[in-house]
Amino acid sequence: MTDWDETTSVALAPEPERERPERDRAYLIVLAGSGVGEMHKLGGESVLGRGREAQLRFLDDGISRMHCRVYRDGDRLVVEDCGSRNGTFCNGESIAGPHELRDGDKIQIGRTTILKFTYHDHLDESFQRQMYDSALRDSLTKAYNKRYFDERLSSEFRFSHRHGETLSLLLLDLDHFKPINDQLGHLAGDHALVELARRVQRIIRNEDVFARYGGEEFAIISRAIPSQQALRFGERVRAEIESMEVRYRGHAIPLTASVGVATFPHPHIERAGQLVEAADRALYAAKNAGRNTVRSWNRK
């Protein structure tokens with residue numbers, strides 16, 4: 001994968017590496033594949049792969065469970081293939097042994113995942129994260145937005161379908177939210193949503209995806225947890241929301257949520273959209289059961 005100047009069709013020589021201040025930190029930025037824009041800070045050693053043992057996990061069928069590793073060798077950072085099935089490529093060339101990384105190098109693992117190796121100081125990092133957040137996060141709650149949710153659920157579902165891993169989806173909707181806006185104003189409602197998002201993001205796992213699905217409705221994508229465990233997780237989220245003490249300008253805002261849970265594999269779920277429909281039916285059942293409760297979808 002050589003960089004080409006389209007006007008001259010001449011391969012461009014790599015730019016000379018600049019001298020780096022000691023405060024610069026090394027990162028991998030996802031350019032293509034699942035999670036475009038995500039930044040991964042590199043420490044002493046990081047294993048990349050699709051297995052649970054990998055420190056940096058990527059969902060791409062062509063990636064091995066323990067695909068490659070990036071580690072420090074003296075004052076250098078190097079990448080080394082871990083005997084992967086499809087190999088590791090740096091700037092389009094397959095690497096056979098330890099390969100020193102330079103600022104701007106492109107690493108390809110699997111069929112679609114391309115990572116950029118780079119150094120950032122704190123200002124560079126802040127700017128990159130702001131760009132990432134503005135594209136993929138809800139501006140009010142800082143949860144992931146609906147666009148990111150749709151893309152991530154699609155990739156997670158394909159991965160689970162092909163590798164036989166469980167995937168659970170939780171949809172939660174705040175109960176009686178309209179009276180909050182009507183009686184205290186929309187700023188009070190916004191404050192409640194922000195506090196809820198902050199609390200829920202504290203209790204989910206790092207690998208879970210928490211997104212604002214729309215209005216006062218949120219979604220959590222949880223990989224590798226079976227249906228009963230997902231149901232217990234939904235109950236924990238429900239109880240956490242009920243225990244919140246939210247106040248706005250001296251007014252207490254009581255919050256409760258109804259939660260619907262659906263889990264794949266299931267004989268009646270073959271697509272990501274059907275998983276959403278199943279979780280939505282479970283949420284509807286929770287609302288009909290009196291709200292502030294959790295229901296799972298399990299069509300026989």
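Residues numbered from 1 in each chain as written. Predicted model: local features only at pLDDT ≥ 70, side-chain atom pairs only at ≥ 80, totals over all residues. Heavy atoms only, no water.

### Side note on the overall build of the chain
Looking only at helices and strands, one finds 6 helices and 20 strands in the chain. For the chain, the proportion of its 300 residues judged to be buried stands at 47%. Looking at the chain alone, contacts between residues at least 24 apart form 58% of all its contacts between residues at least 6 apart. With the model as given, the accessible surface of the chain reaches about 15,800 Å², and the carbon-plus-sulfur share is 47%. (Helix = DSSP H or I, 4+ residues; strand = E, 2+ residues; numbered from the N terminus. Buried < 20%, exposed > 50% of the residue type's maximum accessible area, 1.4 Å probe, protein only. Contact = heavy atoms within 4.5 Å. Areas by Shrake-Rupley, 256 points an atom, 1.4 Å probe, with all protein chains shown as cover.)

### Points about the packing of aromatic side chains
The final tally for this structure, using the stated rule, is 5 aromatic pairs. Their ring planes at 45° and their centres at 4.5 Å tell us that phenylalanine 157 and phenylalanine 264 sit as a pair that is tilted. Of this pair, phenylalanine 157 sits in helix H2 (residues 146-163) while phenylalanine 264 is found in strand E19 (residues 257-264), placing the two residues 107 residues apart along the sequence. Aromatic pair phenylalanine 210 and phenylalanine 218: ring centres 5.3 Å apart, planes at 5°, arrangement stacked. Across the pair, exposure class does not vary: phenylalanine 210 and phenylalanine 218 are buried alike. The ring of tyrosine 71 carries the charged tip of arginine 69 above its face, separated from the ring centre by 3.9 Å. (Phe/Tyr/Trp six-rings, centres within 6.5 Å; stacked < 30°, edge-to-face > 60°. Lys NZ or Arg CZ within 6 Å of the ring centre and 35° of its normal.)

### Brief notes about helix H4 (residues 186-203)
With 18 residues, H4 extends 26 Å between its outermost C-alpha atoms, agreeing within 8% with the 26 Å of an ideal straight helix rising 1.5 Å per residue. Among the residues of H4, Ala188, Gly189, Ala192, Leu193, Val194, Leu196, Ala197, Val200 and Ile203 are the ones counted as buried. (Expected span 1.5 Å × (residues − 1).)

### Examining the side chain of serine 84
Mapped onto the elements of the fold, serine 84 is located in the loop between strand E8 (76-81) and strand E9 (88-90). On the basis of relative accessible area, serine 84 is assigned to the buried category, the value being 11%. At 2.7 Å, the side chain of serine 84 and the side chain of aspartate 81 are in polar contact. In terms of polar contacts, serine 84 uses its side chain to reach the backbone amide nitrogen of glycine 87, at 2.9 Å. Leave out the neighbours within four places in its chain, and serine 84 touches Ser64 and His67. (Polar contact = N/O pair within 3.5 Å; in protein donor to acceptor, adjacent residues only side chain to side chain.)

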